[in-house]
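Read off the chains here:
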Amino acid sequence: MEKVIDLEDRIPTFRQKRRKRTNFKFILLTTIFLFLLLLLLYFQSPYSEVKTIDISGHTLVDRTYYEELSEIKLGDSMWGIDGKEIEAKMEALDWVKKVSVQRKWLTTVVIEIEEWKKVAYLAKDNTFYPMLENGVLYEEANELLPIDAPIFLAFNDEDLRKRLLKELAKLKPEVLALISQINATSSASDPYAITLFMNDGYEVRADITSLASKLNYYPSIIAQIENEEQFEKGIIDIEVGSYYRPYTEEYTAINFEEDVGEQDVMEDEEQSSQ
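Computed from a prediction, not measured in an experiment: that's the story for all the values here. (Residues numbered from 1 in each chain as written. Predicted model: local features only at pLDDT ≥ 70, side-chain atom pairs only at ≥ 80, totals over all residues. Heavy atoms only, no water.)

**Quick look at the overall build of the protein**
For clarity, the cut-off: Helical segments are the DSSP runs of H or I of at least four residues, strand segments are the runs of E of at least two, and each set is numbered from the N terminus. Categorising residues by exposure relies on relative accessible area from a 1.4 Å probe, with only protein chains included: less than 20% of the type maximum marks a residue as buried, more than 50% marks it as exposed, and the intermediate range marks it as partly exposed. Note on contacts: a residue pair is in contact if any heavy atoms of the two residues lie within 4.5 Å. Here the accessible surface of atoms and residues is derived via Shrake-Rupley with a 1.4 Å probe, and residues count as covered only by protein chains that are part of the display.
Per the secondary structure count, the protein includes 8 helices and 11 strands. Burial status across the protein gives 32% buried among its 274 residues. By sequence separation, contacts in the protein at least 24 residues apart represent 48% of the contacts at least 6 residues apart. Here the protein displays about 18800 Å² of accessible surface, and carbon together with sulfur accounts for 53% of that area.

**Overview of the environment of Leu176**
Relative to the helices and strands, Leu176 resides in helix H5 (residues 173-176). Spatially, the C-alpha atoms of Leu176 and Pro150 are 7.9 Å apart, while their sequence positions differ by 26 residues. Contact partners of Leu176, with chain neighbours within four places excluded, come to Val119, Pro150, Leu168 and Leu171.

**With respect to the pattern of salt bridges**
For the record, the criterion: A pairing counts as a salt bridge when a side-chain nitrogen of Lys or Arg comes within 4 Å of a carboxyl oxygen of Asp or Glu.
Within this structure, the stated rule accounts for 8 salt bridges. The residue Glu114 makes a salt bridge to Lys97 at a minimum N-O spacing of 3.8 Å. Of this pair, Glu114 sits in strand E3 (residues 108-115) while Lys97 is found in strand E2 (residues 96-104), placing the two residues 17 residues apart along the sequence. Lys170 is paired through a salt bridge with Glu167; the nearest N and O atoms lie 3.3 Å apart. Lys170 sits in the exposed class, given a relative accessible area of 54%. By relative accessible area, Glu167 is classed as buried at 10%.

**Things to note about the packing of aromatic side chains**
Going by this rule: The pairing test for Phe, Tyr and Trp rings, Trp by its six-membered ring, is centres within 6.5 Å, and the orientation test on the planes gives stacked under 30 degrees, edge-to-face over 60, and tilted for anything in between.
Under the definition given, this model contains 4 aromatic pairs. When the ring of Tyr65 is compared with that of Tyr66, the centres are 5.8 Å apart and the planes differ by 85 degrees; the resulting orientation is edge-to-face. Seen from their ring centres, Phe152 and Phe155 are 4.8 Å apart, and the 35 degrees between their planes marks the pair as tilted. On the accessibility criterion, Phe155 (3% relative accessible area) is buried. Taken together, the ring pairs connect Tyr65, Tyr66, Trp95 and Tyr138 into an aromatic cluster.

Encoded structure:
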């Protein structure tokens, strides 16, 4: 026989469940209300405003330029900043490689800038123009003599400059730092010929197309030369193979050729006068 449960016996159970549901709804609504209240108070408080703008990674341009470009001002709402828009605006600059805009803590905006590396200067009209690894010639001139990158001379061909810049960007930093000056010495037979003057006193004759792959071995080449008992600084040729010739031999040969040429001219003049 089935047991019959009286309705009056079930009423306390219904009341208890209803009380629990009511309490849950009350706690939920109270929590939401307090959260919205705290959120409203936060947005109305100074803790939601920009107090610090931290900009790093800039070398070509002063931080003030980037700060003005971002249009972020102290006192602006932290949540009114569109980081993606600022990143796109700055990355559109020819000399900027990558930008990251982040919120840090409650009141700080961090802007990290990665500029294209400066690998050389172009000498033109007694002025030095920085050239970047992406081939861009930075238009802001530097009238002071640069010491942190090699100087380009006689590079009027823009395509040739860009190709050389890409090769320089592949060099090891310690090798790039040794280059003082690069001259374009192209000819009809070799349009990519260049001459590099090194800070340690050597002269390197090379080809742009294979510059990085060969010049990265420059320290080991120098170590072999200076390992000799009586070494002398001179010219290292890495255009085709790799050979070394002391300055005394090189310029003695040049002077000899000039003397022979002058002697031939004098003999021709004497014969013509007779």
